[in-house]
Amino acid sequence: MKFSYFLPTKLTFGFGTVEGVKAETKGLRSTRALVVTDKVMMKTGTVQKVTHGLDVPFEVFDEVEAEPKIEVAEGVADKVRSKSYDLVIGVGGGSSMDMAKVAAGFATNKGTARSFVGNDLFAKKPVASIMVPTTAGTGAELTVTSMVTVDGHKQWINSPLLLPSVAVVDPVLTMTMPPGVTAATGMDALCHNTEAYLSSLANPITDSAALEGIALIVKDLQKAFESANDRPARESMSLGALLGGIALQAKMVYGHSIGYTIATRFKLAHGVSCGLPLPYIISNYAVACAPKMKKLAEAYGVEPATEPHELGREVAEKARSIAAALKIPTTLKEIGVAESDLGMLADECLGMYPRPNSPLVFDGKSMTELYRRMWEGNLEA
Ligand SMILES: [Fe+2]
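Residues numbered from 1 in each chain as written. Predicted model: local features only at pLDDT ≥ 70, side-chain atom pairs only at ≥ 80, totals over all residues. Heavy atoms only, no water.

Visitor: Whenever I open this one, the coordination of the iron ion confuses me. Can you help?
Guide: As a benchmark, a tetrahedral metal site with four donors has ideal angles of 109.5 degrees, while an octahedral site with six donors has ideal angles of 90 or 180 degrees. For the iron ion, the full set of protein donor atoms is Asp188 (OD), His192 (NE2), His256 (NE2) and His270 (NE2), at a range of 2.1 to 2.2 Å. For the iron ion, the four donor atoms in the first shell make angles of 81 to 166 degrees at the metal, a pattern classed as irregular. Read in sequence order, the donor residues coordinating the iron ion give the pattern D-x3-H-x63-H-x13-H. Of the two residues, Asp188 sits in helix α6 (residues 179-198) while His270 sits in helix α10 (residues 270-275), which places them 82 residues apart along the sequence. Per residue, the accessibility class of Asp188 equals that of His270, and both read buried. (Donors = N, O, S within 2.8 Å, 3.2 Å for Na, K, Ca; no water. Tetrahedral: all angles 85-135°; square planar, octahedral: opposite > 155°, others 65-115°. Helix = DSSP H or I, 4+ residues; strand = E, 2+ residues; numbered from the N terminus. Buried < 20%, exposed > 50% of the residue type's maximum accessible area, 1.4 Å probe, protein only.)

Visitor: It is not clear to me how the nonpolar core should be interpreted in this structure. Could you clarify?
Guide: A general trend in soluble globular proteins is that nonpolar side chains are found buried together. Membership of the largest hydrophobic core comes to 75 residues, with the highest contact counts inside it found for Leu190, Ile282, Leu296, Tyr300, Leu332, Met367 and Tyr371. Considering each element in turn, this core owes the most residues, ten residues, to helix α7 (residues 204-226). With residues up to four places along the chain from it excluded, the contact list for Leu332 reads Ile262, Leu276, Val337, Leu342, Tyr371, Met374 and Trp375. In terms of nonpolar packing, the next biggest core, distinct from the first, is built from 29 residues, Phe61, Phe106, Phe116 and Leu162 among them. (Core = buried A, V, L, I, M, F, W, Y, C linked by side-chain atoms within 4.5 Å. Contact = heavy atoms within 4.5 Å.)

Visitor: Please clarify how a nonpolar patch on the surface should be interpreted in this entry.
Guide: Taken together, the side chains of Met1, Phe3 and Ile205 make up a nonpolar region of the molecular surface, amounting to roughly 360 Å² of accessible area. As for its placement among the helices and strands, Ile205 is situated in helix α7. Judged by its relative accessible area of 36%, Ile205 falls in the partly exposed class. (Patch = residues over 30% accessible without salt bridge, like charges linked within 9 Å, V, L, I, M, F, W, Y side chains within 5 Å. Areas by Shrake-Rupley, 256 points an atom, 1.4 Å probe, with all protein chains shown as cover. Salt bridge = Lys/Arg side-chain N within 4 Å of Asp/Glu carboxyl O.)

Visitor: Help me out: how do you make sense of the pattern of salt bridges in this one?
Guide: Two side chains bearing opposite charge may form a pair once their charged atoms approach each other closely. Here the structure, examined in full by the defined rule, presents 20 salt bridges. Among the ionic pairs, Asp220 bridges to Lys219, the shortest N-O distance being 2.9 Å. The exposure class of Asp220 is buried, given its relative accessible area of 2%. Taken together, the salt bridges that share partners define one network made up of Arg32, Glu59, Lys79 and Lys83.

Printed below as a string of structure tokens:
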């Protein structure tokens with residue numbers, strides 16, 4: 001066995017930790033900070049909670065939108081280069097944190113935002129950054145990736161240099177999320193943990209994080225969805241999401257790729273677009289990942305059957321029942337995908353979002369079959 005794991009981010013977790021942001025800015029010797037967020041976070045007073053009592057002068061960029069287009073990233077680049085900011089604080093869900101991460105990179109690197117789309121394109125170390133998630137889903141506070149929509153397609157800006165300096169994960173900030181956002185972001189976290197667990201790049205660190213993350217989410221996502229003020233459930237979800245961020249160093253399999261092909265076309269929240277394929281991915285990968293299925297079943301709270309195919313089917317049923325209880329669509333037919341487009345979507349999935357780390361190799365025919373099963377709601381791989 002050989003693996004490496006790199007996580008330079010200082011992590012602080014728990015109720016009340018948001019009050020420690022001030023101390024973190026001091027520790028980073030910041031002289032001027034840029035807060036990157038969205039208008040809802042300003043309106044709800046969440047940004048004010050984070051910046052309360054900060055000694056360092058700061059300004060706010062609040063123009064981040066959900067599923068940000070590359071134009072938003074260009075705006076962030078202009079803003080962060082307009083003064084000598086030496087710290088970026090991201091406050092919000094994945095979109096705000098992703099834009100904060102790239103802002104830290106743009107502060108020290110020349111070039112349009114578009115020129116950084118791809119892998120490892122930052123030459124210089126970014127300025128310091130602090131991430132403060134307000135959802136329990138993306139794990140973006142601990143990942144190397146920032147997602148951007150370029151010309152209608154999901155793309156990414158990836159670099160290990162984008163790993164934040166500090167992540168402050170306070171479950172109290174997630175308690176104002178409406179139920180629909182709790183459901184979608186929670187499903188996203190379940191997908192990160194599950195897909196990373198199924199990846200051929202998984203290692204004992206990512207597996208431990210993923211299995212614990214899945215168990216926490218399966219136990220408490222429904223409770224957090226039904227009751228915003230359930231503190232233990234909110235704590236489980238915040239922890240499950242950040243464990244997903246840790247697991248993501250194993251990368252994901254084809255569930256997220258499928259999600260990218262339907263998210264923009266059908267205007268689905270990210271967690272809905274990747275939550276829909278999840279049960280089908282589990283049943284498809286069960287045989288390829290046979291030695292790992294028993295532990296996956298335990299994490300999902302499923303009585304383990306003896307045979308991998310059957311086991312995959314049972315875990316997939318459980319994943320589908322979780323999604324259905326959260327009112328997340330579970331078939332492509334439901335969201336309006338035309339039967340005649342299944343082949344085109346399968347081709348886009350393989351062409352634009354390949355997964356060399358998938359233990360299951362697809363060709364156009366087998367990927368179209370997977371899309372057909374998702375269209376029909378057939379979990380039988
Ligand atoms: Fe995701």
